[in-house]
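Descriptive structure summary
The chain contents come next:
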Protein chains: 2
Amino acid sequence: MKKSTIQDVAEQAGVSKGTVSAVINGKATVKASTREHVREVMKAMNFRPKGQARNLKGRQIERTVGIIIRELDNPFYTALATGIKKYANEKGYVEFIASSEADQQNEETISQLFASKDVKGAIIAPVINENIEIEHLFRLKLLNYPFVLLKEVQGIHANVVSINNLEATKLAVRYLMETGHTDIIHFAGPELSSHAHERINGFRQAFSESTQIFSDSMLVPCGSQFQDGFETGIDFFKRVDPKRFPMAVVCFNDVIALGLSSALHQLKIDVPNQVSIVGNDDIEIAKHWSPALTTVHTPLHELGMKAAEVLIRHIEADQILPVENHVLDSELKIRETTLDLTK
Amino acid sequence: MKKSTIQDVAEQAGVSKGTVSAVINGKATVKASTREHVREVMKAMNFRPKGQARNLKGRQIERTVGIIIRELDNPFYTALATGIKKYANEKGYVEFIASSEADQQNEETISQLFASKDVKGAIIAPVINENIEIEHLFRLKLLNYPFVLLKEVQGIHANVVSINNLEATKLAVRYLMETGHTDIIHFAGPELSSHAHERINGFRQAFSESTQIFSDSMLVPCGSQFQDGFETGIDFFKRVDPKRFPMAVVCFNDVIALGLSSALHQLKIDVPNQVSIVGNDDIEIAKHWSPALTTVHTPLHELGMKAAEVLIRHIEADQILPVENHVLDSELKIRETTLDLTK
DNA sequence: AAACTTATTTGAACCGTTTTAATCAATACA
DNA sequence: TGTATTGATTAAAACGGTTCAAATAAGTTT
C-alpha cells in the first residue's frame, strides 16, 4: 500500500494541493469550513506529510550535530556527550545522539542517516576491531561531510580529537613507583577494546622507562563491568599471601576499580594499607565512593568541548579546512585508595 | 553566500547534473578521468549534497525513532533509553536521542526537528512546569505524527506510558510502617519537579491510609543530586538527638539516598541500626553500594520497552490507532539500609 | 570503411512539498 | 450598474537532487 501524498489528500478532499498545504501550515487564509474538511480527510487517510519534501523549498537555517557513541548506558559517553552539548548549545546547535553498541554495521547506518537527514556534521566514537571497515567514512568524505573522530583510525585522514590513554596509565604507574610501590599489577580491560590495549601498553612502557622489571604475570585479565572487577578481585586476592602486601593494582577503568574495592572489603583486605587501587576515567561516583578512589581523570568534558569546537568550525567554514588532530592529556587525582609508602 | 548545488558543480565542471550525481553515488559508469575532475570541483566548491533532496526520489524504507529526554547525564534516562533501544532494535529501528535539558523551548525545537527530518515517531519525556506549553504537541497531532509521552500532560489526548510514582512512594512508606517504624521522614525532590510532587503526595497518602499521623515537619526539602543528599543529610542529622533513633528516611531518589548514606557515615550514625534509608529508582550503583540500598525499583527498562512497543505499533499502522494509556507498577527491593524493627 | 558493440554522457521526467502570481467569487463602494 | 476591495482557491514554478531512456563517443570486427 503506497503512502498517501498531499496530492491524494487534495483529490479526496476536492481541493488543490496548495490548499492542503495551507491547512497543514495553519495559514489563516483558508476558510474555516474548508480547513475542517481537509483535516478530516487527512485523518481518515492517516496522511503524514513528508518532512524532507517540506524542507526542500526555502533555505534551512537549522543547526544540528550528530554524535555516535559506542554504548548508551556507559557514563563515559554521557559525560562526553555533555561536554559536546555544552559547546554546541552555546553555538545554537541541537544534538542527536545515537549508539552503535560497538557494532560496525550500526556505525555505518547511523553515519549515513545523519548525512541523509542533513544533520550538519557528526562526532564519532569509532568502533575499532580486528578487520575494521572504513568505507562509510570515505563516503562521508566524498560528500564533504564534516566529522570528527574521537580516536585515530588507521587508513583515513580525518579530524581527530582524542585522549592519550597510554600516557594516562603511565601517569598512574609512575605515581605508584614514586611513592615507593614495588609490587604493581594491572587489571586489564576487555580483549577487544583498543582502549584496553593502549592502557596495557602504557603500563608496560612505564616499566621500561623505570628501573623496575615488567613481567607478564603482572597483567590480570579482567573486563570493564563492576561485576568483572568484583569477581576477578575475589579470585585473585583470595589466593594472595598476605605477606605479599603492600601491593598496588592499576585498573583499566573506575568501574572495575570499584568492583575490586568491593571485593577487597569483603575479603577484609584493607585499602589502601594493604592494597592500593588506582582507577581510570574519574567517573562521577569515584569521588563519592568510600574510600574515595584515586584515579586518572580523563578530561571527557574538555574532549567533548574540543570535538564540538572543531566540528562546528568545519561545518561553518566556506572552504574545506585542513584536517586537525588534537590529543588531550589526563591528570592524576590522588584520593584515598593509594598509600604513599615513602612517608 | 549561497550554498552551491549540484547544478553549480555541473556547470563548473562542464558536465551535466546526471554525471555529477553519478560521481556522488560512486556509479561505475563514469570515466575515471571525469570522476576525478568532478571530485576536484566538488572539493574546491566545498559542495555538500543536500540529503533531503537525495531522499526525495525513491521510496525510503528507513526506520528511525526519536527520544526526547530531559537530562543527558542522568542514568535514569539512559536506562530508559536502553529499554527503548532494546525493543526498537529488535524491530529494526535506529534511535536518535536528544535532551531538552528541561527546557520547554528545546523540547519544542527537537520535536519539530524530528518530524521535519522524517524520524518516524518520537518518545517524549515532557517538560512539566507551571505554565506548560503544548502547542508543539498539537502541531505533531495535526501532522498525524506518532508519539508517546512518558507522563500524562494536561490538555492533550495522546499516547502515554508512565510510572506510578504515587504508588512507588507509598510502597516504601508502607513497608517501613509494617516493619515497625514510627518516625519516618521524607527527603523531597526539587521544587519544580512533578515527580517530586507525586512522590510527596504518595508519602502523605500512605499516612492517611494508616494509623500514623502526617505532619509537615516530616518533609525535608532536599534536591536530586548526590551533593544535595549529602549536605541536607549533614545539616539535618547533626542536630538530631540520638535518642530519637531509630528513624527512617524515604528519599526522593537513589542518588540523594546515597548522598545521605555518605553523610551518615561521616557523622558516624549507623545505617540501618540507627537510621533506615529507602531510595527510589534502583539505579545500577544502588545494589553495589555499601551498605546495599533498599529502594523502590522503577521499571525503566519495561517502561522503555512498552513505550517503544506502542510507538512502533502506531508508526506502522495504516490507520490512525486509538490513543493508549499504560501505567507501570514499581517494586520494592529490600536490601541492607533498612532495619526490620519487628524482629 | 561500414557495421557492431560497448563505454560515457546527457536531458528530461520525477520525487512531494511550498510558494506566489493569477484567477475567481463575493462583497463594498461610488 | 460598473468598479474596487477583500477573501479563497488554484495552477504552475520552484526546491535540489536521482533516474533512466536516448544520444553520443570510442573501440572492435569484419
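Residues numbered from 1 in each chain as written. Chains lettered and ligands numbered in written order. Predicted model: local features only at pLDDT ≥ 70, side-chain atom pairs only at ≥ 80, totals over all residues. Heavy atoms only, no water.

Observations concerning the protein's contact with DNA strand C
As a matter of local geometry, DNA strand C sits amid 24 residues, with Ile6, Lys17 and Ser21 of chain A together with Thr19 and Thr34 of chain B nearest to it. Sugar and phosphate atoms constitute 70% of the interface atoms of DNA strand C, taking the interface as everything within 4 Å of the protein. For DNA strand C, a phosphate oxygen lies 2.6 Å from a polar atom in the backbone of Ile6 of chain A. A distance of 2.5 Å separates a phosphate oxygen of DNA strand C from a polar atom in the side chain of Thr34 of chain B. Only α2 (17-24) and α4 (51-56) of chain A together with α2 (17-24) of chain B provide two or more residues apiece to the surface near DNA strand C. Here the residues of the surface near DNA strand C are counted per class, giving eight nonpolar, nine polar and seven charged. (Near = heavy atom within 4 Å. Polar contact = N/O pair within 3.5 Å; in protein donor to acceptor, adjacent residues only side chain to side chain. Helix = DSSP H or I, 4+ residues; strand = E, 2+ residues; numbered from the N terminus. Nonpolar A, V, L, I, M, F, W, Y, C, P; charged D, E, K, R; others polar.)

Concerning the interface of chain A and chain B
Taken residue by residue, the interface counts 60 residues in chain A and 60 residues in chain B. Scanning the region where chain A abuts chain B turns up two salt bridges. Put simply, Lys117 of chain A and Glu62 of chain B hold a salt bridge, and the shortest N to O gap is 3.1 Å. Linking chain A to chain B there are 26 residue pairs in polar contact (both at pLDDT 80 or more). (Contact = heavy atoms within 4.5 Å. Salt bridge = Lys/Arg side-chain N within 4 Å of Asp/Glu carboxyl O.)

A few points about the relation of the copies chain A and chain B
For the match of chain A to chain B, the screw axis carries a shift of 0.0 Å, the RMSD comes to 0.2 Å, and the turn is 180°. The transformation just described matches what one would write down for a two-fold rotation axis. Looking at chain A, 100% of its interface residues are interface residues in chain B too, so the copies touch through the same face. (Least-squares fit on C-alpha atoms with pLDDT ≥ 70 in both.)

Re unusual backbone geometry
For the peptide bond that leads from Val271 of chain A to Pro272 of chain A, omega is 10°, which places it in the cis range. Turning to its location among the elements, Pro272 of chain A is positioned in the loop between α11 (254-266) and β9 (275-281). With an omega of 0°, the peptide bond running from Ser290 of chain A to Pro291 of chain A counts as cis. Mapped onto the secondary structure, Pro291 of chain A falls in the loop between β9 and β10 (294-297). Unlike most non-glycine residues, Asp281 of chain A shows phi in positive territory, near 125°. Among the structural elements, Asp281 of chain A can be located in strand β9. By relative accessible area, which is 9% here, Asp281 of chain A ends up buried. Of note, Glu101 of chain B is a non-glycine position whose phi angle comes to about 50°, a positive value. Residue placement: Glu101 of chain B occurs in the loop between β2 (94-99) and α6 (104-116). Here Glu101 of chain B falls in the partly exposed class, since its relative accessible area comes to 34%. (Buried < 20%, exposed > 50% of the residue type's maximum accessible area, 1.4 Å probe, protein only.)

As for the side chain of Asn253 of chain B
Residues and elements named next belong to chain B. With respect to the helices and strands, Asn253 occurs in the loop between β8 (247-251) and α11 (254-266). Since its relative accessible area comes to 8%, Asn253 is described here as buried. Within the structure, Asn253 has its side chain in polar contact with the backbone oxygen of Ser224 (distance 3.3 Å). Of note is the side chain of Asn253, whose polar atom sits 3.1 Å from the backbone nitrogen of Val255. In contact with Asn253, other than residues within four places in its own chain, are Arg199, Ser224, Gly279, Asn280 and Asp281.

Re the sheet that holds strand β12 (residues 331-333) of chain A
All names here are of chain A. Pairing is mixed across the open sheet formed by six strands, whose spatial order is β7-β6-β8-β9-β10-β12. If you trace the sheet from one side to the other, it starts and ends with β7 (219-221) and β12, each paired once. Sheet twist, expressed as the mean angle between neighbouring strand axes with direction ignored, is 25°. Of the strand pairs in this sheet, β9 and β10 are connected by four bridges, and their pairing is parallel. Of the residues in β10, the one forming a bridge with Asp281 is His297. Packed on one face of the sheet, α11 meets β6 (184-188), β8 (247-251), β9 and β10 and runs near 155° to β9. (Pairing = 2+ DSSP bridges. Axes fitted to C-alpha atoms, helices over the stretch in contact; angles between N-to-C directions.)

Side note on the sheet that holds strand β12 (residues 331-333) of chain B
Residue and element names in this part refer to chain B. The strand order β7-β6-β8-β9-β10-β12 describes an open sheet built from six strands, whose pairing is mixed. Of all strands in the sheet, those bounded by a partner on one side alone are β7 (219-221) and β12. Taken pair by pair, the neighbouring strands of this sheet meet at an average axis angle of 25°, ignoring direction. Seen against the sheet, helix α9 (residues 194-208) touches β6 (184-188), β7, β8 and β9 (275-281) and runs at an angle of roughly 170° to β6.

Concerning the protein's contact with DNA strand D
What surrounds DNA strand D is a group of 23 residues, the closest being Ser16 and Thr34 of chain A together with Ile6, Ser21 and Arg54 of chain B. Here a base oxygen of DNA strand D and a side-chain polar atom of Lys17 of chain B are 3.2 Å apart. Ser21 of chain B places a side-chain nitrogen or oxygen 2.5 Å from a phosphate oxygen of DNA strand D. When residues of the surface near DNA strand D are traced back to their parent elements, those giving at least two are α2 and α4 (51-56) of chain B.

Focus on the nonpolar core
If you look at the biggest cluster of nonpolar residues, it comprises 68 residues, and the most contacted ones within it are Phe96, Phe114 and Leu149 of chain A together with Phe96, Phe114 and Leu149 of chain B. Among residues more than four places away in sequence, those in contact with Phe114 of chain B are Phe96 of chain A together with Gly66, Ile67, Ile68, Phe96, Ala98, Val119, Ala122 and Tyr145 of chain B. (Core = buried A, V, L, I, M, F, W, Y, C linked by side-chain atoms within 4.5 Å.)

Observations concerning empty space enclosed by the protein
Summed over the entire model, instances satisfying the criterion amount to two cavities of 30 Å³ or more. Estimated volume of the largest cavity: approximately 110 Å³. The wall of the largest cavity is formed by 13 residues, among which Arg70, Phe76, Leu150, His195 and Leu303 of chain B lie closest to the centre. Elements that contribute at least two residues to the lining of the largest cavity include exactly α5 (75-90) and β5 (159-163) of chain B. When residues in the lining of the largest cavity are grouped by element, the largest group, three residues, is from α5 of chain B. Broken down by class, the residue content of the lining of the largest cavity amounts to eight nonpolar, three polar and two charged. By volume, the second largest cavity is sized at about 70 Å³. In this structure, the second largest cavity is lined by Ile69, Leu72, Tyr77, Thr78, Ala81 and Ile97 of chain A together with Ile69, Leu72, Tyr77, Thr78, Ala81 and Ile97 of chain B. Going through the elements one at a time, α5 (75-90) of chain A together with α5 of chain B are the ones with two or more residues in the lining of the second largest cavity. (1 Å grid on protein atoms, 1.4 Å probe; cavity = no way out; pocket = protein on both sides within 12 Å on 5 of 7 lines; lining within 4 Å. Points joined across faces, edges and corners; volume = space filled by probe spheres on them.)

With respect to the pattern of salt bridges
Across all of its chains, the model carries 38 salt bridges over all chains by this definition. With a closest N to O distance of 3.2 Å, Glu167 of chain B and Arg174 of chain B form a salt bridge. In this structure, the salt-bridge partner of Arg313 of chain B is Glu309 of chain B, at a minimum N-O distance of 2.8 Å. Taken as a pair, Arg313 of chain B and Glu309 of chain B lie in helix α12 (residues 300-316) at a separation of four residues, close to a single helical turn. Three or more residues joined by partner-sharing salt bridges are found here, namely Glu167, Lys170, Arg174 and Glu209 of chain A.

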